[in-house]
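Structural overview
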Number of protein chains: 2
Amino acid sequence: MTKKIEICFSPELIHLHQLEDKIVVVVDIFRATTTMITGLANGVESITPVADLETCRMMAQSGYIIAGERNGIIAEGFELGNSPLAHLDSAYAGKKVAMTTTNGTVAIEKSKTNSSEVLIGAFVNLNATAEYLKTKDNDILIHCAGWKGKFNLEDSLYAGALVSLLSEDFGYECDGAIAMKALYESNKPYLKDFLSQASHAKRLQNHNIEEDIDFCLTIDKYDIIGKLENQVLVSQKVGGN
Amino acid sequence: MTKKIEICFSPELIHLHQLEDKIVVVVDIFRATTTMITGLANGVESITPVADLETCRMMAQSGYIIAGERNGIIAEGFELGNSPLAHLDSAYAGKKVAMTTTNGTVAIEKSKTNSSEVLIGAFVNLNATAEYLKTKDNDILIHCAGWKGKFNLEDSLYAGALVSLLSEDFGYECDGAIAMKALYESNKPYLKDFLSQASHAKRLQNHNIEEDIDFCLTIDKYDIIGKLENQVLVSQKVGGN
């Protein structure tokens, strides 16, 4: 039987999907999963996704670097917000990070139950994730973090990009996968322009973080995957890359 | 302030949208809203959307023609299922119909609270609905019935088509509207081919109702709109068409 790939557009719809034996790829392009992959690619030892600010704050006492964001802004008392740029030049190499964000960490939490494996994906490691998934026998569910429960453009287009890369190895009967593959393929030559229309990109522009947006839409900067192991995210090098 | 248009992809997400003062356009292309518009355009006096089979069945005793469908198949003891073709040649002209379907009637029910008006839309009256909406001052929410809570291709593309027709008169900041407008516009020349990939089209093909699918994807066959008034759907001719 052909392996299958499907998309869930929001954590609010995840209960409609079977997670059993599937690899779930969680995506929150602006900016949680991009930041996580960037941190891991820059030597962060592990990232612990945390649901709420209070728990995350307390982890500072156990030696964690704490990263907290709500509605696009760094939370009070946190060392890091949600900018991937903070991790460049191996700024936190060797450190353990605890992180909580508006949408991304919720999606990770909801992806754990019954699934075979949870990955985090971003444009910055698109191809690495695709190559890893090709080596596996599991069906795949791409879980878009969305924005406060709603469909969002950047996560959905990432999902379309991943379906497009995997379409020769996986079947995609899911209507969301058909739609997003087509949307990605027809807008691929001008992806950044198309995505600059996204409501969350506009929201971030208001915070003067155009550089973050630009970084989040960079494709294939890193050759690692991000994978949940024993409740923490760690990196794994994809063979041959 | 510019009038706005947005899309909700599933009744499971409708609680995330403000309905107040909005005109909600409910769409269930395969086949509930197409059948409703076809019935109304063929002289049906009114259509009462009913949530469950049992209530609908009892309405036969009050003189209603009862239409009931679950999972694409006519329900036991019902005169009509969910085929628009049954209404051609004014087969039920002058009659009152009570109707319950898998997805469409749920979406209508969930669209009533606080909204200014509820319309039903389909490709068969796409332009009539657009022309009517242009004359109104309200913001618009297109509510896709989906398939058992999930995103579906045909309802979402209808939403994209409506956004495309209204894009000069309405703002569309909603990511779903941006995505579906672009998807519709790039696939417009071969809409039927593209939509034949949809999972529900395949589901219906298994029931040997290709003729229904073809009919549901016919654009602008009728020049009426379908509108909920006092809990029943009635037709209204759009001026000038």
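As recorded in an unreviewed UniProt entry, chain A goes by Probable 2-phosphosulfolactate phosphatase and comes from Belliella marina. For chain A, the Cofactor (unreviewed entry) comment in UniProt is given as "Mg(2+)".

What follows deals with the overall build of chain A. Each helix and strand counted, chain A has nine helices and ten strands in total. A compact globule built from 241 residues should have a C-alpha radius of gyration of about 18 Å, and chain A, at 16 Å, falls within 12% of that. Per-residue burial over chain A gives 59% buried out of 241 residues. For chain A, the exposed area adds up to about 9400 Å²; of that, 44% sits on carbon and sulfur atoms.

Residue and element names in this part refer to chain A. Between its terminal C-alpha atoms helix α6 (residues 175-187) stretches 18 Å, which fits the 18 Å expected from 13 residues at 1.5 Å a residue. Of all the 13 residues making up α6, eleven are buried; the element is thus mostly covered by neighbouring parts of the structure. Every buried residue of α6 is listed here: D175, G176, A177, I178, A179, M180, K181, A182, L183, Y184 and N187.

To continue, consider the interface of chain B and chain A. Every contact between the two is made by 28 residues of chain B and, on the other side, 28 residues of chain A. When chain B packs against chain A, the two sides together hide about 2100 Å² of surface, and 67% of this comes from carbon and sulfur. The interface formed by chain B and chain A holds zero salt bridges in total. Applying the counting criterion to the chain B and chain A interface returns four residue pairs in polar contact (both at pLDDT 80 or more). If you list the elements that add at least two residues to the side of chain B that touches chain A, you get α5 (153-166) and α6 (175-187) of chain B. No other element matches α6(B), which puts eight residues into the side of chain B that touches chain A. Within the side of chain B that touches chain A, the residues separate by chemical class into twelve nonpolar, nine polar and seven charged.

Attention now goes to the relation of the copies chain B and chain A. A rotation about some axis, followed by a shift along it, carries one copy of the chain onto the other. Of the two same-sequence chains, chain B is brought onto chain A (RMSD 0.0 Å, axial shift 0.0 Å) by a rotation of 180 degrees. This pairing of chains is accounted for by a two-fold axis. The C-alpha atom lying nearest the rotation axis in chain B is that of B:L183; the distance is 2.8 Å. In this assembly, 100% of the residues forming the interface of chain B have copies in chain A that are likewise at the interface, indicating an isologous arrangement.

A separate point is the packing of α6(A) against α6(B). Look at α6(A) against α6(B): their axes get within 10 Å of each other, and the N-to-C directions meet at 75 degrees. Of the possible angle classes, the one that applies to α6(A) and α6(B) is roughly perpendicular. Between α6(A), through A:A179, A:M180, A:A182, A:L183 and A:S186, and α6(B), the contact on the second element is made entirely by B:A179, B:M180, B:A182, B:L183 and B:S186. Grouping the constituent residues of the contact of α6(A) with α6(B) by class yields eight nonpolar, two polar and no charged.

Applying the stated criterion to the full structure yields 21 salt bridges over all chains. We note a salt bridge from A:K192 to A:D214, for which the minimum N-O separation is 3.4 Å. Of this pair, A:K192 sits in helix α7 (residues 191-195) while A:D214 sits in helix α9 (residues 210-216), and the two are 22 residues apart along the sequence. The partner of B:E117 in a salt bridge is B:K227, with the nearest N and O atoms 4.0 Å apart. Of this pair, B:E117 sits in strand β7 (residues 117-121) while B:K227 sits in strand β9 (residues 224-229), and the two are 110 residues apart along the sequence. The pair formed by B:E117 and B:K227 is uniform in burial state, with each residue classed as buried. When salt bridges with common partners are traced through the structure, they connect B:E117, B:K136, B:K227 and B:E229 into a single cluster.

Moving on, we get to the packing of aromatic side chains. Under the criterion given, the structure shown has six aromatic pairs over all chains. Look at B:F123 and B:Y158: their rings are 5.6 Å apart centre to centre, the planes differ by 80 degrees, and that puts the pair in the edge-to-face class. Separated by 35 residues along the polypeptide, B:F123 in the loop between β7 and α4 (126-134) and B:Y158 in helix α5 bring together distant segments of the chain. Under the relative-accessibility criterion, B:Y158 is labelled buried at 0%. Grouped by ring-pair contacts, the aromatic residues A:F9, A:F151, B:F9 and B:F151 constitute a single cluster.

Conventions used here
- Residues numbered from 1 in each chain as written.
- Chains lettered and ligands numbered in written order.
- Predicted model: local features only at pLDDT ≥ 70, side-chain atom pairs only at ≥ 80, totals over all residues.
- Heavy atoms only, no water.
- UniProt positions renumbered as here; feature names shortened; annotations may be inferred.
- Helix = DSSP H or I, 4+ residues; strand = E, 2+ residues; numbered from the N terminus.
- Rg over C-alpha atoms; globule rule 2.2 N^0.38 Å.
- Buried < 20%, exposed > 50% of the residue type's maximum accessible area, 1.4 Å probe, protein only.
- Areas by Shrake-Rupley, 256 points an atom, 1.4 Å probe, with all protein chains shown as cover.
- Expected span 1.5 Å × (residues − 1).
- Contact = heavy atoms within 4.5 Å.
- Buried area = accessible area lost by both parts, 1.4 Å probe.
- Salt bridge = Lys/Arg side-chain N within 4 Å of Asp/Glu carboxyl O.
- Polar contact = N/O pair within 3.5 Å; in protein donor to acceptor, adjacent residues only side chain to side chain.
- Nonpolar A, V, L, I, M, F, W, Y, C, P; charged D, E, K, R; others polar.
- Least-squares fit on C-alpha atoms with pLDDT ≥ 70 in both.
- Axes fitted to C-alpha atoms, helices over the stretch in contact; angles between N-to-C directions.
- Parallel < 35°, antiparallel > 145°, perpendicular 65-115°, else oblique.
- Phe/Tyr/Trp six-rings, centres within 6.5 Å; stacked < 30°, edge-to-face > 60°.

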